[in-house]
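# Per-entry structural report
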Amino acid sequence: MLLIHCPYCGEDRPELEFRHAGEAHVVRPDPISEISDEEFEAYFFIRDNPKGLTYERWRHMHGCARFFNAVRDTVSDKFVTTYKAGNPKVEIERGEDGIARVKGDGQ
Amino acid sequence: MSGTNRIAGKGRLVPARTVSFTFDGRRLTGVEGDTLASALIANGIHLTGRSFKYHRPRGILSAGPEEPNALIDISRSSNTHTPNVRATVQEVFEGMTAQSQNRWPSLSFDVGAVNNLFSPIFAAGFYYKTFMWPKAAWKHFYEPNIRAAAGLGVSPKEPDPDRYANRFIHCDVLVVGGGIAGLIAARAAAETGASVVVCDEQPELGGALHHEIDTRIDGQEGFVWAQEIGSELAGMDNVRVLTRTTAFAYQAQNMVDLVERVSEHFANPDKLVPRERLWQVRARRVIVATGAIERHMVFAQNDRPGIMLASAARTYLNHYGVAVGSNVAVYTANDSAYRAAFDLKQAGIAVPVIVDARSDVDAGLLAEAEALGIQVLTDHAVVDTKGGLRLKSVRIERVGGGKSRTVEADALIMSAGWTPTLHLYSQSRAKVVWDEESARFLPGKAVQEMVTIGACNGTDALDALLEEAANAGMEAARLAGFAGASGYRAPDAESLTSRRGALMGAAPGAGPETTVKAFVDYQNDVTAKDIRLAVREGMHSIEHVKRFTTNGMATDQGKTSNIHGLAIAADMLDKPIPQVGLTTFRLPYTPVTFGAIVNHGRDRLFDPTRKTAIHKSHEALGAVFEDVGQWKRPWYYPKAGETMHAAVDRECRTVRETAGLFDASTLGKIEVVGPDAAKFLDLIYTNGWQKLAPGRCKYGIMLREDGFIYDDGVVGRIAEDRFHVTTTTGGAPRVLHHMEDYLQTEFPDLRVWLTSTTDQWSVIAVQGPKAREIIAPFVEGIDISNEAIPHMSVREGTVCGAPARLFRMSFTGELGFEVNVPADYGRAVWDALWARAQDLGACTYGTETMHVLRAEKGYIIVGQDTDGTVTADDAGLSWAVAKSKPDFVGIRGMKRPDLVASGRKQLVGLLTADPKQVLEEGAQIVADPNQPVPMKMIGHVTSSYWSENCGRSIAMAVVADGRALMGKTLYVPMPHEVIKVEVTDTVFFDKEGDRING
Ligand SMILES: [Zn+2]
């Protein structure tokens, strides 16, 4: 079971309290009614499925109920960071030790 | 007497504490602390089972959890039993009944052994090749018969009578393994004040010290030291010592699952004591000290009862005081087997020969053997064995061939070296690396907050191991935040035991040039020959070899066999072992009972049961309940002697003639509040909400972004900034989730707040011509005349004095009200309304009648008449989709080419030619019943009922271009007939819709 840091509660809480909510930073086109079929396909159906770092959304369902973003390594299941919904996409870099960190955080 | 092979003065058990048990009906005596295996060997019994495929007689191989052969069915009473218990792990208790498995009619005479004669057809891949044709025969003949013949014990048929417990704990340092390394690490970590958990699978701590009596620590026998340090640890407030506890899974973020066998060893466990306890441990740091497992030698006929691991023989002697035979030969490629031979010899057991496959053997060992009068044959191999149900002799040859000699022996103990136990390490997702120098896989770089120490880390020298363990303990505590220096100093220790030497794969004399039956995987009956065959047949990946041969796929997961299998495959492929690679270590490390995993989550605790506040009144009224999600809902209310059909007909009639009461409390309810509430609903629903006046209601449908119907319900506007939203019963949580998602992440600027109120309101639907008359005396503060509260209105006031939201709405097509009162008042209000309704000749009705009545009116149920691929237009609900709104969820998806193309399945009504015939829901519809099979299916029935009010059956269906087929005849082919139906609109009753305004 994962331990997940809720950026709103400021707490590490067990996975049982959370619900996964799909890929993060998928922007709903505006105005959505104007987009082409291809744009709709890209927005609604096409998802990354990386081996490695993935940006995803979680919801602290049985806590504060807020949606937030997370960066997780799908190989190790390790969370690099979590941050509030609406915040810009966090940039990640891998150090020489192979460990992924938020860019600028250093070691 | 506790067995003829019990040696006076040997072992650590107290001989006077005897226990009585049976094995295959034979009454035997063991000693408290015995495993079933040690007790059987003490009684001269090695034969414990028949092998999986060939039904070959098999004996006890090991003295630990790696046991592949001795799987036994255990019971303590007649009404329950546990199959596939490892005799080497299960402790005996007074009154235990043990039964061998996989044999018929008896262990010593087994009909299935005929398989052994036909063994050529059971070679690797035989399942795939032999039994695949004809296809149906697999299911009906081969598969059941193979299972019957090759079963692994019989599952109990009764529900599990035992209790299981579950605990979540957090600690600073978890130490897995209570051998020397684990104990020292735990002690060093504990000294700093860090919270420490140390677990070990055996009843006592000590690990290899169980058999290594030559290892002395701080001047005393290692095992004694281990017990002392164990009680020292147990006495510390910050330490928890768990014995009989197996760490079976290493999960993400340092969560390790342990299973503790709490009462499996008691004769009469207290009913309040769980059988097993699942510990889910979240540790800041994990120290893996899981030791190593000895490998067997792979040679011809290496599976006769009496042939076992050398360390196991040593454990039986030194811990249990049991000799594994009276004349014990040794076959080894490793130094440690010599110690076993010496211990046996010194205990007075004859050791006719040590056969060592190596030519270069430590001179000290040879000298010691000579001093003890044991013959050693280096550069020799055991090439064959004899003996039916027990080993009788072994045949020995010089490596490379030559004259052979036969040596009598009733036991052969063997060692091909030690495999580091990397299962947990590997489960933590770290990679193993091949160590060329010691020719074995060792831990690489940890990927979680963990470290491996001791034998599993390849640390062989005792001095190095002591230092490594003490440092690991202190370092783990420091990394967990305990900076205080540990005052602990590793003890002084010395040992004669060496584990030098290794042989992987087939022993000399069982190589590719031979056709001998040399077992690699005992439990799955895989021989060296099978693995070579797999490679020859093109399996070049070790994962393929594993699946083709089933090597390592039995319940022991190849603890003794994987490395041998890999080495044989590598040899055939002419590749170095690391290039062939190791198969993945999967959890669990050892088999875990379903009971421990399911734990409390069974029976009534499997899933929550939700009951409405009015539930007890329904029970008093004799309601039959149906499960709707987690809810218990009244299905129908039969009168004495009434069938379901009769009850539903009566309820349907009564509602339309008089009135009925229905508990609608399970409907999802969401309070949508805020200055932008109407704007928000405009985005969530397809229709518009800005113009809805307070006090009025509207039916709304919501789509997913892909344009399909997601949910529907009636929404009432309570005030400018306040809406009372209802959802389907099953849809409540996901609709709130969906709304929250859009509110929080797509439209965060809207000032709107969402609150689930499903459980806060009791909802009583009062439907039918007398609905107004029923509620009238109870309503205060609301004018309930038709003019004052027209259809689709909502008012606030009181009902029976309770604050209420009174909806004028209908899911039956009749004059109707839905009385919403706070749930605490629900039952009282229901009872009051029912008393009056009853006097007026009304009824209570359940979900079945509700379904029929709504179908008579053509009202859809999302999830029944829709299935996630139905658009608003498909369901005939285009009128509920606003044309002029710039945006709502699904506005673009619903215009996708496939969703607007012709030929889509549209909701229509169906009337059977025979009005008495009720269609089956889900039945397929065709245009031409005479077309050849497979027919073209153009739709299916979604709802179908007998309608008492229409005096005939009615149905709804989705049919391709159905609305263009009005009046046409279609067909529903069923197994025994083809049913003729006419396509109609979906309103079957009161087509004008006047009754609703009554
Ligand atoms: Zn939170």
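Residues numbered from 1 in each chain as written. Chains lettered and ligands numbered in written order. Predicted model: local features only at pLDDT ≥ 70, side-chain atom pairs only at ≥ 80, totals over all residues. Heavy atoms only, no water.

### Regarding the overall build of chain A
What counts, and what does not: The numbering of helices and of strands both runs from the N terminus, where a helix is a DSSP run of H or I of at least 4 residues and a strand a run of E of at least 2. In short, Shrake-Rupley with a 1.4 Å probe defines the accessible areas, and a residue's cover is counted only from the protein chains shown. Charged residues are defined narrowly, with Lys and Arg counted positive, Asp and Glu counted negative, and His plus the chain ends left uncounted. Note on charges: their place is set at NZ of Lys, CZ of Arg, CG of Asp or CD of Glu.
Secondary structure assignment for chain A yields one helix and eight strands. Helices and strands in chain A line up, N terminus first, as β-β-β-α-β-β-β-β-β. Considering only C-alpha atoms, chain A reaches an extent of 45 × 35 × 25 Å along its principal axes. Entry remark: accessible area of chain A is about 6300 Å², with carbon and sulfur atoms responsible for 46%. Here chain A carries 15 positive and 20 negative side-chain charges, and the mean point of each set is 5 Å from the other.

### Focus on the domain arrangement of chain B
As a reminder of what qualifies: Residue ranges assigned to each domain were obtained from an automatic or database domain assignment.
Looking at the assigned domains, one finds that chain B contains domain 1 (18-127), domain 2 (164-292 + 420-494), domain 3 (504-575), domain 4 (635-854) and domain 5 (902-997). Between the C-alpha centres of domain 3 of chain B and domain 5 of chain B the distance comes to 61 Å.

### Notes on the sheet that holds strand E7 (residues 96-100) of chain B
Residue and element names in this part refer to chain B. Our working rule: Strands are treated as partners if at least two bridges between them are detected by DSSP. For helices, the fitted axis covers only the stretch in contact; all axes are lines through C-alpha atoms, and the angles between them, taken along N-to-C directions, range from 0 to 180 degrees.
If you trace the five strands from one edge of the open sheet to the other, you get E2-E1-E7-E5-E6, paired in mixed fashion. Looking at the sheet topology across the chains shown, the edges are occupied by strand E2 (26-31) and strand E6 (80-86). Direction aside, neighbouring strands of the sheet carry axes that sit 30° apart on average. With six bridges joining them, strand E1 (residues 18-23) and E2 adopt antiparallel strand pairing.

### Quick notes on the coordination of the zinc ion
Residues and elements named next belong to chain A. Using the following cut-off: Shown as donors are all N, O and S atoms within 2.8 Å of a metal ion, widened to 3.2 Å for Na, K and Ca; because water is not in the atom set, sites may appear incomplete. Tetrahedral means four donors with every angle between 85 and 135 degrees, whereas square planar (four donors) and octahedral (six donors) require angles over 155 degrees between opposite donors and between 65 and 115 for all others; sites fitting neither are termed irregular. Per-residue accessibility, obtained with a 1.4 Å probe over protein chains only, is compared with the maximum for each type, and a residue is labelled buried under 20%, exposed over 50%, and partly exposed between these values.
Here the zinc ion is held by the protein donor atoms Cys6 (SG), Cys9 (SG), His60 (ND1) and Cys64 (SG), which lie 2.0 to 2.3 Å from it. Classification of the site at the zinc ion as tetrahedral follows from its four donor atoms and the range of 106 to 116° in their angles at the metal. Each donor residue of the zinc ion lies on one chain, and together they are spaced C-x2-C-x50-H-x3-C. Highlighted residues: Cys6 in strand E1 (residues 3-6) and His60 in the loop between strand E4 (53-59) and strand E5 (67-73), separated in sequence by 54 residues. Just as Cys6 is buried, His60 falls in that class too.

### Re the nonpolar core
Residue and element names in this part refer to chain B. Stated precisely, the cut-off is as follows: Residues belong to a common nonpolar core when they are buried Ala, Val, Leu, Ile, Met, Phe, Trp, Tyr or Cys residues joined through side-chain atoms within 4.5 Å. Throughout, a contact is declared for two residues whenever any of their heavy atoms are within 4.5 Å.
One finds Leu36, Met297, Phe299, Tyr316, Val324, Tyr331 and Ile413 to be the most contacted residues of the largest nonpolar core, which totals 83 residues. When we break this core down by domain, the ones giving at least three residues each are domain 1 (18-127) and domain 3 (504-575). If near-sequence neighbours (up to four positions away) are discounted, Tyr316 is found in contact with Thr35, Ala37, Ser38, Ile41, Ile60, Ser62, Ala63, Thr88, Met308, Gly321, Val322 and Val324. In this structure, Tyr636, Leu703, Ala765 and Ala880 belong to the second largest nonpolar core, which totals 40 residues.

### Considerations on the environment of Arg59 of chain A
Structurally, the position occupied by Arg59 of chain A is in strand E4. Note on Arg59 of chain A: relative accessible area 5%, which makes it buried. Along the chain, Arg59 of chain A and Val102 of chain A lie 43 residues apart, while their C-alpha atoms are 21 Å from each other. Here Arg59 of chain A is in contact with Glu17, Phe18, Arg19, Ala65, Arg66, Phe67 and Phe68 of chain A together with His737, Glu740 and Gln744 of chain B, once residues within four sequence places are set aside.

### Overview of the packing of helix H5 (residues 180-191) of chain B against helix H11 (residues 462-479) of chain B
In a packed pair of helices, the relevant descriptors are the angle between the two axes and the axis-to-axis distance. Residue and element names in this part refer to chain B. Applicable threshold: Handedness of a crossing is defined here by the sense of rotation of the near helix relative to the far one, left-handed for an anticlockwise turn of less than a right angle and right-handed for a clockwise turn. For this classification, Asp, Glu, Lys and Arg are treated as charged, while Ala, Val, Leu, Ile, Met, Phe, Trp, Tyr, Cys and Pro are nonpolar and the rest, including Gly, are polar.
Close contact between H5 and H11 brings their axes to 7 Å; oriented N to C, the two are set at 35°. Crossing geometry of H5 relative to H11 is assigned as right-handed. Residues Ile180, Ala181, Ile184, Ala185, Ala188 and Ala189 of H5 touch H11, and the partners they reach there are Leu462, Leu465, Leu466, Ala469, Ala470, Gly473, Met474 and Ala477. Residues of the contact of H5 with H11, tallied by class, amount to 13 nonpolar, one polar and no charged.

### Some points on the interface of chain B and chain A
A common way to express how large an interface is: the accessible area buried when the components associate. Put simply, the rule reads: Put simply, buried area is the surface a 1.4 Å probe can reach on two separate parts but cannot reach once they are joined, added for both. Every case where a carboxyl oxygen of Asp or Glu lies within 4 Å of a side-chain nitrogen of Lys or Arg is listed as a salt bridge.
Chain B puts 30 residues into the contact, and the matching count from chain A is 29 residues. Both faces considered, chain B and chain A share a buried interface measuring about 2500 Å² in area, 50% of it formed by carbon and sulfur atoms. Of all residues in chain B, Gln253, His737 and Arg892 of chain B bury the most surface against chain A, accounting for 27% of the area lost on that side. Seen at the junction of chain B and chain A, the total is five salt bridges. Across the pair Asp77 of chain A and Arg429 of chain B runs a salt bridge whose closest N-O atoms are separated by 2.8 Å. The biggest single contributor to the side of chain B that touches chain A is helix H20 (residues 732-746) of chain B, with seven residues. Residue composition of the side of chain B that touches chain A, grouped by class: 11 nonpolar, seven polar and 12 charged.

### Here we look at the packing of aromatic side chains
Heads up, the condition is: Pairing of aromatic side chains here covers Phe, Tyr and the six-membered ring of Trp, requires ring centres within 6.5 Å, and sorts the geometry by plane angle: under 30 degrees stacked, over 60 edge-to-face, intermediate tilted. Whether a charge sits over a ring depends on NZ of Lys or CZ of Arg being within 6 Å of the ring centre and within 35 degrees of the ring normal.
Counted according to the given criterion, the structure contains 18 aromatic pairs over all chains. Ring plane angle 75° and centroid distance 5.1 Å describe the contact between Phe299 of chain B and Tyr331 of chain B, whose orientation is recorded as edge-to-face. Of the two residues, Phe299 of chain B sits in the loop between strand E16 (292-294) and strand E17 (307-309) while Tyr331 of chain B sits in strand E18 (residues 328-332), which places them 32 residues apart along the sequence. The class for Phe299 of chain B is buried, based on a relative accessible area of 0%. An aromatic cluster of three or more residues is present, and its members are Phe40, Tyr43, Phe44 and Phe45 of chain A. Over the face of the ring belonging to Tyr55 of chain A we find Lys89 of chain A, whose NZ or CZ atom lies 4.5 Å from the ring centre. Between Arg499 of chain B and the ring centre of Trp418 of chain B, over which it is positioned, the NZ or CZ distance is 3.7 Å.

### Quick look at a negative patch on the surface
The cut-off we apply is this: To count toward a patch, a residue needs a relative accessible area above 30% and no salt bridge. Like charges then connect within 9 Å, nonpolar side chains (Val, Leu, Ile, Met, Phe, Trp, Tyr) within 5 Å.
A cluster of acidic residues, Asp218, Asp463, Glu467, Asp492 and Glu494 of chain B, forms a negative patch on the protein surface. Residue position: Asp492 of chain B is located in the loop between H11 and strand E29 (493-494).

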